[in-house]
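Architecture and fold: a report
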Amino acid sequence: MATFSPDLHRLKELYDQFGADLFALCYLQAGRPAHAADLMVSALCDIASSPRLWEMVSAGKEGLLRAGYQTCGDDSLHRPKRKKRKKSPSQEESPRAVLSFSLTDPLRAMLRLRLPLRSALFCRERMGLSPEETARVLGTSPTRAQRLADTALKKAGITAAQARTNLEAITPGEDTLGKVWAEFLTQQSGAGFVLRQRYRRTRRVMDTLIPFLALGVVAIAVAAYFGVEYGWFSGAPYEPTQPIEGVVASEIYGNASQQEPAQWVGDVSVFVPEEEGFMEYIVHNTPGDLEQILRQMVLLGGAPAGTSLLYVNIDDHGTESQEGSTVTYTHGDTLTLTVEFSEQASSLSGEEGLRMLQAMVATFEAYCHPDELFFRCGGEELTVEGHTAQDFLGQELPVTRTVETDYRAP
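1. Points about the packing of aromatic side chains
One pass over the structure, following the stated rule, counts 7 aromatic pairs. Ring geometry for Phe341 versus Phe364: centroids 6.2 Å apart, planes at 65°, classification edge-to-face. Of the two residues, Phe341 sits in strand E6 (residues 336–341) while Phe364 sits in helix H15 (residues 350–368), which places them 23 residues apart along the sequence. When its relative accessible area of 1% is taken as the criterion, Phe341 is described as buried. Among the aromatic residues, those joined into a cluster by ring pairs are Tyr15, Trp181 and Phe184. In this structure, Lys12 is placed above the aromatic ring of Trp181, and the distance from its NZ or CZ to the ring centre is 5.6 Å.

Rendered as structure tokens:
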């Protein structure tokens, strides 16, 4: 089989013309210029390794934006942790790089939207694409593309003019486009490039198929259960086995202990107030359980002493429909996280309590990325000096230093 080789000259022409727009789209997903540049490199690598994608991109800007949107979607599914960088004392004291545009309140509101919403708004307000053109970028119908853009304005609480002004203001920093292209050429010419891109495409396909496969398994399990229960296969209904008098099951089968199912374990960010800013702990090998994460927060000083988790609810406001024996679940556009704490959380008060509330919000947001966040205590919403968790959602904390530590088991 002949190796695919794209026309890099044509790709460079498109990149020179629409590279700034690709950066803006990636920034809406990344929220940071450096991460946005990484996504741009990934999108260019996808284009350079896929004949189907290259055929679409070579037609013009819609194809290039489609490639960028797919890369952003892949990044949204995996939600990678922020890269840990070791800093010298002089670097820790130096100010952060200044954006080439203003991070206004309307722009922050758009950054908090889910990927389909902010991307639809980007296509319509910044790029001026029609619903049909936007649909080709997002891979959906024109009607849904229009509805996504309208919903984005409503959820962000801004006007179309505000969205257009702020989206058009997003520009890459000096030399950003050149550095991205240089990094792409380095990766594209490196050994193993084709295999790496093939793996990325396979993983993306599996991410798309897994929810449907899971629904299929559930449907088969439900059909099998009712088939056995009502005798669909054997013609006779199921009758439970009766115990045999004088026989103890454990004497036959033994007392083998049951193992709990494996759960996600990884790095978790825990924020703790200190002096004029906040310290970020990178806690290694933390179980993906909110109760264990709260325990680390308490131990490190990022939540009131003795606080425990009483109730957690995660709701994406999706809808469920059934056609015959097939149940289909459609994810919603808003992810809501509600957390009920023990009475110790009510001790938060004053300026110190307000800062700890900010730290708690930042920790849960870094882990779950909710669109709405509610803290409850004693049956009521947790309020500190007139502020709730939702008031601080989406705000970037002034992190003064980052410390790595290990998970502390109970």
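2. Some thoughts on the confidence of the model for the chain
When the pLDDT values of the chain are averaged, the result is 82; 78% of them are 70 or greater. Residue range residues 80–97 is modelled with pLDDT below 50. Its contacts to residues more than four positions away, or to other chains, number 18 contacts. Across residues 256–261, where pLDDT falls below 50, the model places 0 contacts with residues more than four positions away in sequence or in other chains.

3. Thoughts on the sheet that holds strand E3 (residues 309–315)
Taken in spatial order, the 4 strands of this open sheet run E3-E6-E7-E8, and their pairing is mixed. The sheet terminates laterally at E3 and strand E8 (380–381), the two strands that pair on one side only. Sheet topology places strand E7 (residues 372–377) next to E8; 2 bridges connect them, and they run antiparallel. Bridge assignment links Cys377 to a residue of E8, and that residue is Glu380. Its contacts with the sheet put helix H14 (residues 290–300) on E3 and E6, and the angle it makes with E3 is roughly 125°. Its contacts with the sheet put H15 on E6 and E7, and the angle it makes with E7 is roughly 130°.

4. Here's the deal with the side chain of His35
You can see His35 is positioned in helix H2 (residues 33–49). For His35, a relative accessible area of 15% puts it in the buried group. Among the polar contacts listed, one links the side chain of His35 to the side chain of Asp75, at a separation of 3.1 Å.

5. What about unusual backbone geometry?
Of note in the backbone geometry, His369 takes a positive phi value of approximately 55° without being a glycine. For His369, the position within the fold is in the loop between H15 and E7. At Glu385, a residue that is not glycine, the phi angle is positive and equals roughly 50°. Mapped onto the elements of the fold, Glu385 is located in the loop between E8 and helix H16 (389–392).

6. Here's the deal with the nonpolar core
Considering soluble globular proteins, one finds that nonpolar side chains tend to be buried as a cluster. Counting 56 residues, the largest nonpolar core has Leu11, Ile47, Val57, Leu121, Phe122 and Ile170 as the members making the most contacts within it. Ranked by the residues each element gives to this core, the list is headed by helix H1 (residues 8–30), at 12 residues. With near-sequence residues (within four places) excluded, Val57 lies in contact with Leu11, Leu14, Ile47, Gly63, Leu64 and Ala67. If you look at the next biggest cluster of nonpolar residues, it comprises 33 residues, including Met279, Ala345, Met360 and Leu382.

7. Focus: the packing of helix H7 (residues 115–126) against helix H9 (residues 142–156)
Contact pair H7 / H9: the axes reach a minimum separation of 8 Å and the direction vectors enclose 105°. In terms of axis orientation, H7 runs roughly perpendicular to H9. Each of Pro116, Leu117, Ala120, Leu121 and Arg124 in H7 lies in contact with H9, whose residues at this interface are Ala145, Gln146, Leu148, Ala149, Asp150, Thr151, Ala152, Leu153 and Lys155. Partitioning the contact of H7 with H9 into residue classes produces 9 nonpolar, 2 polar and 3 charged.

8. Details of the environment of Ser102
Considering the arrangement of structural elements, one finds Ser102 in the loop between helix H5 (89–93) and helix H6 (105–111). With a relative accessible area of 53%, Ser102 lands in the exposed category. Residues Ser102 and Ala169, 67 residues apart in the sequence, show an inter-C-alpha distance of 7.8 Å.

9. What about helix H8 (residues 131–138)?
Those residues of H8 that fall on the buried side of the exposure criterion are Thr134, Ala135, Val137 and Leu138. All buried residues of H8 lie within an arc of 160° about the axis, which places them on one face of the element.

10. Side note on the environment of Glu343
Here Glu343 is to be found in the loop between E6 and H15. Remark: the alpha-carbon pair of Glu343 and Gly379, spanning 36 residues in sequence, is separated by 9.7 Å.

11. Some words on the pairing of E6
Taking burial as the measure, the 6 residues of E6 include 6 buried ones, the bulk of the element. Burial of the side chains of E6 extends over both faces: Thr336, Thr338 and Glu340 are buried on one face and Leu337, Val339 and Phe341 on the other. Pairing of E6 with E7 involves 6 bridges; the strand directions are parallel. In the strand pairing of E7, Leu337 is matched with Leu373.

About the criteria used
Counting of residues starts from 1 at the beginning of each chain's written sequence and follows it residue by residue. Per-residue local features are limited, in this predicted model, to residues with pLDDT of at least 70; the limit for side-chain atom pairs, both in listing and counting, is 80 or more; totals at the level of whole chains, interfaces and linings are taken over all residues. Side-chain measures were taken over the full set of non-hydrogen atoms in the model, leaving aside hydrogen atoms and water. For Phe, Tyr and Trp, where Trp contributes only its six-membered ring, two rings pair if their centres lie within 6.5 Å, and the inter-plane angle classes them as stacked under 30 degrees, edge-to-face over 60, or tilted in between. Put simply, DSSP H or I for four residues or longer makes a helix, DSSP E for two residues or longer makes a strand, and each gets a number counted from the N terminus. Only protein chains enter the accessibility calculation, which uses a 1.4 Å probe; a residue is then buried when its area is under 20% of its type maximum, exposed when over 50%, and partly exposed in between. Only when the NZ atom of a Lys or the CZ atom of an Arg is both within 6 Å of the ring centre and within 35 degrees of the ring normal do we say a charge sits over the ring. For every residue, the predictor assigns a confidence score, pLDDT, that lies between 0 and 100. Only heavy atoms enter the contact rule, under which two residues are in contact if any of them lie within 4.5 Å. One requirement defines pairing of two strands: DSSP has to find at least two bridges between them. Convention adopted: a line fitted to C-alpha atoms gives each axis, helices being fitted over their contacting stretch, and angles between N-to-C directions are expressed from 0 to 180 degrees. Each polar contact in these results corresponds to two N or O atoms within 3.5 Å; when the atoms are within protein, one needs to be able to donate a hydrogen and the other to accept it, and residues that are neighboring in sequence are counted only if both atoms are side-chain atoms. In these notes, a set of buried Ala, Val, Leu, Ile, Met, Phe, Trp, Tyr and Cys residues joined through side-chain atoms within 4.5 Å is what counts as a nonpolar core. For this classification, under 35 degrees means roughly parallel, over 145 means roughly antiparallel, 65 to 115 means roughly perpendicular, and everything else is oblique. Each residue is assigned to one of three groups, with Ala, Val, Leu, Ile, Met, Phe, Trp, Tyr, Cys and Pro labelled nonpolar, Asp, Glu, Lys and Arg labelled charged, and all others, Gly among them, labelled polar. Note: the arc covers the axis-to-C-beta directions of the helix.

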